[in-house]
Amino acid sequence: MTIIERSYRILVPALGCMLWISSSNAQIRVLPDSAAIWNYREYDAFNTFDYRQTFLLPSIGVDTLINGTSYRPLNWYWESEMWPGSFGGGLREDGFGKVYFYSPYHDTEYLLYDLDVQPGDTVTNLWIGYPHSSTPILYSTNVVSRDTLNINGVARRSIGIRLSSDPGPAVHYWVEGIGGSARLMSTAGANALDVIFGLECM
């Protein structure tokens, strides 16, 4: 199975309930322009846990100013919590493929995605965790592939990645206009054993 086929197998089930996303040729837009909701599911092979996370992001232009920088406010909640959840920080893009996450728990900005890369590159100091993680967990990930997916008739950049500490083929993907194939906040190419997780619906 090719890398591009693996990309489609991860993304197509989620696209059945995906919102229409506008496109811009002038910039690399990693996150949707319009308001978006991500639903992620995580469970294990032994049926000891099965839970879902939901992330909500307003459309471009609905910003909040934090330490002099504009961010799109991010809300999130577990399946047992009530809509619209709690404030989980802010996301911003630089227009060239990078997305940064502001953590309100650490009053610090962290790198979340970088789509302006080539196979063989290494992305360092990448945030992995939940919005409320008490201790920042930063990883380095290898860029394994760079492909183009056709989603709703729009060409989207797809970056295949895998943790630098575990070389091999791509296990997760960063996709233009969508985000991460594993989780919004935790797509770094970690090959988890006996744990299944990924994007269910957007």
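Note that the structure is predicted; figures quoted are calculated from it, not measured. (Residues numbered from 1 in each chain as written. Predicted model: local features only at pLDDT ≥ 70, side-chain atom pairs only at ≥ 80, totals over all residues. Heavy atoms only, no water.)

1. Structural notes on the overall build of the chain
Cut-off, in case you're wondering: Helix and strand assignments follow DSSP, with helices taken as H or I runs no shorter than four residues and strands as E runs no shorter than two, numbered in order from the N terminus. For each residue, the accessible area found with a 1.4 Å probe, counting protein chains only, is set against the maximum for its type, and the residue is called buried under 20%, exposed over 50%, and partly exposed in between. Contacts are assigned to residue pairs that have any heavy atoms within 4.5 Å of one another. The protein chains shown are the only cover counted for residues, whose accessible areas, like all others here, come from Shrake-Rupley with a 1.4 Å probe.
Looking only at helices and strands, one finds 1 helix and 13 strands in the chain. Counting helices and strands in the order they occur from the N terminus, the chain gives α-β-β-β-β-β-β-β-β-β-β-β-β-β. Expressed as a percentage of its 202 residues, the buried residues of the chain come to 47%. Pairs at least 24 apart in sequence give 48% of the contacts found in the chain among residues at least 6 apart. As displayed, the chain offers around 9,500 Å² of accessible surface, 52% of which is attributable to carbon and sulfur atoms.

2. Here we look at the nonpolar core
Let me state the cut-off plainly: By nonpolar core is meant a set of buried Ala, Val, Leu, Ile, Met, Phe, Trp, Tyr and Cys residues that side-chain atoms within 4.5 Å join together.
Ranked by size, the top nonpolar core spans 32 residues in total, and within it Trp38, Phe55, Leu112, Tyr113, Trp174, Leu184 and Met185 carry the most contacts. Taken together, the elements giving at least two residues each to this core come down to strand 1 (36-44), strand 2 (50-57), strand 4 (69-78), strand 6 (98-103), strand 7 (108-114), strand 8 (122-128) and strand 10 (154-163). Met185 has contacts with Phe55, Leu74, Phe101, Leu112, Trp127, Ile128, Gly129 and Pro131, leaving out every residue within four places of it along the chain. Leu149, Ile151, Ala170 and Val175 belong to the second largest nonpolar core, which has 6 residues in total.

3. A word on the side chain of Arg157
So the rule is basically this: Only four residue types enter the charge count, namely Lys and Arg as positive and Asp and Glu as negative; His and the chain termini do not. Throughout this description, the term salt bridge denotes a Lys or Arg side-chain nitrogen within 4 Å of a carboxyl oxygen of Asp or Glu. Two N or O atoms count as a polar contact when they lie within 3.5 Å, although within protein this holds only if one can serve as hydrogen donor and the other as acceptor, and sequence-adjacent residues are included solely when both atoms are side-chain atoms.
Residue placement: Arg157 occurs in strand 10. Nearest to the buried, unbridged Arg157 among oppositely charged side chains is Asp116, at 4.3 Å. Looking at Arg157, its side chain comes within polar contact range of the main-chain oxygen of Leu115, at 3.0 Å. When near neighbours in sequence (up to four residues on either side) are disregarded, Arg157 contacts Ile28, Leu115, Asp116, Arg146, Asp147, Trp174, Val175 and Glu176.

4. Here we look at the packing of aromatic side chains
Our working rule: Two rings from Phe, Tyr or Trp (for Trp, the six-membered ring) form a pair when their centres are within 6.5 Å of each other. A pair whose planes differ by under 30 degrees is stacked, one over 60 is edge-to-face, and the rest are tilted.
Taken as a whole, this structure holds 7 aromatic pairs when the rule is applied. Ring-pair connections join several aromatic residues into one group, and the members of that group are Tyr40, Phe55, Trp76 and Tyr130.

5. A short note on unusual backbone geometry
The phi torsion at Asn67 lies on the positive side, around 50°, for a residue other than glycine. Relative to the assigned elements, Asn67 resides in the loop between strand 3 (64-66) and strand 4. Accessibility expressed as a relative area gives 60% for Asn67, which makes it exposed. With phi around 55°, Asn125 is a residue other than glycine that occupies positive phi space.

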